[in-house]
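Listed below, chain by chain, are the residues.
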Amino acid sequence: MATSRTKPTTTPKMSLKAVRAFLNALDKAHPDARSELIYHNHFELLVSVVLSAQATDVSVNKATRALYEKAPDPASMAALGEDGIAHYIRTIGLWRSKAHNVALLCQQLLEKHNGHVPNNREALEALPGVGRKTANVVLNIAFDQPTMAVDTHIFRLGNRTGLAPGKTVRAVEDALIARIPKEMLRPAHHWLILHGRYVCKARTPECWRCPVTEWCLYKEKNKIPPKSKTTP
Ligand code: SF4
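Residues numbered from 1 in each chain as written. Predicted model: local features only at pLDDT ≥ 70, side-chain atom pairs only at ≥ 80, totals over all residues. Heavy atoms only, no water.

*Asks:* Residue-level account of the overall build of the chain, with values.
*Replies:* Counting secondary structure elements, the chain contains ten helices and zero strands. Counting from the amino terminus, the chain carries its helices and strands in the arrangement α-α-α-α-α-α-α-α-α-α. Taking the principal axes of the C-alpha coordinates as reference, the chain spans close to 65 × 50 × 45 Å. Of all 232 residues assigned to the chain, the portion counted as buried reaches 46%. Considering only residue pairs separated by 6 or more positions, the chain has 59% of its internal contacts joining residues 24 or more positions apart. (Helix = DSSP H or I, 4+ residues; strand = E, 2+ residues; numbered from the N terminus. Buried < 20%, exposed > 50% of the residue type's maximum accessible area, 1.4 Å probe, protein only. Contact = heavy atoms within 4.5 Å.)

In structure tokens, the structure reads:
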């Protein structure tokens, strides 16, 4: 019986030499890469990252501008209480549970950490609303630790390009940590997020203007830009 050929579903793994070249090209494309969240201290960074789960950085920044004017530290945020916090963040997805978690998180920071954001994974992940990804972002940005927070963009990029294929978020995180040169790990987090957000988009990767196409192993590269609208 004849069998039809199936399309490959996995992307081959990029060589380690190519990983370095791929990241160098992203560095050139995003020389000042940094988080797009707006914050002024470690506490605001932590809260913004908690609020950014399943929400855009733009929507979080819009809500936190007024919130942080009113409550820039755990004590003033705790004083607002859950309802007070909710008032400021209603435009963000999952605002009810996020307001609940942020109120509890502030209480724990005050009771267990003297109002400071802890600098280790165990203590961070023990805080309400803080999972591994949030802890990784805070450890990377606030405490200069070589962590890799795998969000939807980085998970897609790791698999699509062959940079760090993996079936789960944790598998991609572990592969990235193992494959990215140590000195590049901290900025690589930002390069990859920005690249996934603005170029290697989920539905229509913009391969025609991609700076890393030379090393990317994705088989179905999108090489044709959409026709620009012309006026008759
Ligand atoms: S070539 Fe295309 S698929 Fe590969 S990283 Fe660039 S945008 Fe993404």
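*Asks:* Tell me what's going on with empty space enclosed by the protein, and back it up with residues and numbers.
*Replies:* By the definition in use, this model includes one cavity of 30 Å³ or more. Here the largest cavity is characterised by a volume of approximately 90 Å³. Cys200, Pro205, Cys207, Cys210 and Cys216 are the residues nearest the centre of the largest cavity, which is lined by 14 residues in total. Split into classes, the residues belonging to the lining of the largest cavity amount to eight nonpolar, three polar and three charged. (1 Å grid on protein atoms, 1.4 Å probe; cavity = no way out; pocket = protein on both sides within 12 Å on 5 of 7 lines; lining within 4 Å. Points joined across faces, edges and corners; volume = space filled by probe spheres on them. Nonpolar A, V, L, I, M, F, W, Y, C, P; charged D, E, K, R; others polar.)

*Asks:* Go over the layout of surface pockets with me, naming the residues and quoting the values.
*Replies:* Size it by volume and the largest pocket reaches roughly 640 Å³. At six residues, the largest contribution of residues to the lining of the largest pocket is made by helix α10 (residues 185–198). Across the lining of the largest pocket, the residue classes tally to eleven nonpolar, nine polar and six charged. In this structure, the lining of the largest pocket is formed jointly by two domains, domain 1 (16–34 + 147–209) and domain 2 (42–143), each of which donates at least three residues. (Domains from an automatic or database assignment.)

*Asks:* How would you sum up the confidence of the model for the chain? Please name residues and give values.
*Replies:* With 94% of its residues at a pLDDT of 70 or more, the chain shows a mean pLDDT of 93. Within the model, pLDDT remains below 50 along residues 1–8, and this stretch shows two contacts once partners closer than five positions in the same chain are excluded. (pLDDT = per-residue confidence, 0-100.)

*Asks:* Give a detailed account of the site of the ligand, specifying residues and quantitative values.
*Replies:* Close to the ligand lie Arg160, Thr161, His195, Cys200, Pro205, Cys207, Cys210, Val212, Thr213, Cys216, Tyr218 and Lys221. The pocket occupied by the ligand, as judged from atoms lying within 2 Å of grid points, is the largest cavity. Taken together, the residues that form the shell around the ligand break down as seven nonpolar, three polar and two charged. (Near = heavy atom within 4 Å. Sits in = over half its atoms within 2 Å of the grid points.)

*Asks:* Provide a residue-level description of the domain arrangement of the chain, including the pertinent values.
*Replies:* Structurally, the chain comprises domain 1 (16–34 + 147–209) and domain 2 (42–143). Computed over C-alpha atoms, the centres of domain 1 and domain 2 are 26 Å apart. Each partner contributes residues to the interface: domain 1 has twelve residues there, and domain 2 has nine residues. Summed over both partners, the interface of domain 1 with domain 2 comes to about 860 Å²; 43% of that surface belongs to carbon and sulfur atoms. When the buried area of domain 1 at its contact with domain 2 is split by residue, Thr147, Ala149 and Arg186 rank highest and sum to 48% of it. (Buried area = accessible area lost by both parts, 1.4 Å probe.)

*Asks:* Hey, could you go over the packing of aromatic side chains for me, with residue numbers and the actual values?
*Replies:* By the definition in use, this model includes zero aromatic pairs. Between Arg160 and the ring centre of Tyr218, over which it is positioned, the NZ or CZ distance is 5.1 Å. (Phe/Tyr/Trp six-rings, centres within 6.5 Å; stacked < 30°, edge-to-face > 60°. Lys NZ or Arg CZ within 6 Å of the ring centre and 35° of its normal.)

*Asks:* Please set out the packing of helix α7 (residues 132–143) against α10 residue by residue, giving values where relevant.
*Replies:* The geometry of α7 relative to α10 is characterised by a closest axis approach of 10 Å and an angle of 120 degrees between their N-to-C directions. The orientation of α7 relative to α10 falls into the category oblique. Our pair here, α7 against α10, has a crossing hand that is left-handed. Between α7 and α10, the contacting residues are Val137, Asn140 and Ile141 on the first element and Leu185, Arg186, His189 and His190 on the second. Among the residues making up the contact of α7 with α10, the classes are represented as three nonpolar, three polar and one charged. (Axes fitted to C-alpha atoms, helices over the stretch in contact; angles between N-to-C directions. Parallel < 35°, antiparallel > 145°, perpendicular 65-115°, else oblique. Left-handed = near helix turned anticlockwise from the far one by under 90°.)

*Asks:* Can you tell me about the nonpolar core, naming the residues and giving the values?
*Replies:* One finds Leu46, Met77 and Leu124 to be the most contacted residues of the largest nonpolar core, which totals 36 residues. Put simply, the parts of the chain that give this core at least two residues each are α2 (42–51), α3 (57–70), α4 (74–89), α5 (95–113) and α7. Sequence-distant contacts of Met77, defined by excluding residues within four places in its chain, comprise Phe43, Val47, Leu67, Tyr68, Ala71, Ile85, Val102 and Cys106. Listed in part, the 27 residues of the second largest apolar core include Val19, Phe22, Met148 and Leu163. (Core = buried A, V, L, I, M, F, W, Y, C linked by side-chain atoms within 4.5 Å.)

*Asks:* Give me the lowdown on the UniProt feature "domain: HhH-GPD" (unreviewed entry) in the chain, citing residues and values where you can.
*Replies:* With numbering matched to this structure, UniProt assigns "domain: HhH-GPD" (unreviewed entry) to residues 51–198. Structurally, residues 51–198 comprises 69% helix and 0% strand, and the distance from its first C-alpha atom to its last is 21 Å. (UniProt positions renumbered as here; feature names shortened; annotations may be inferred.)

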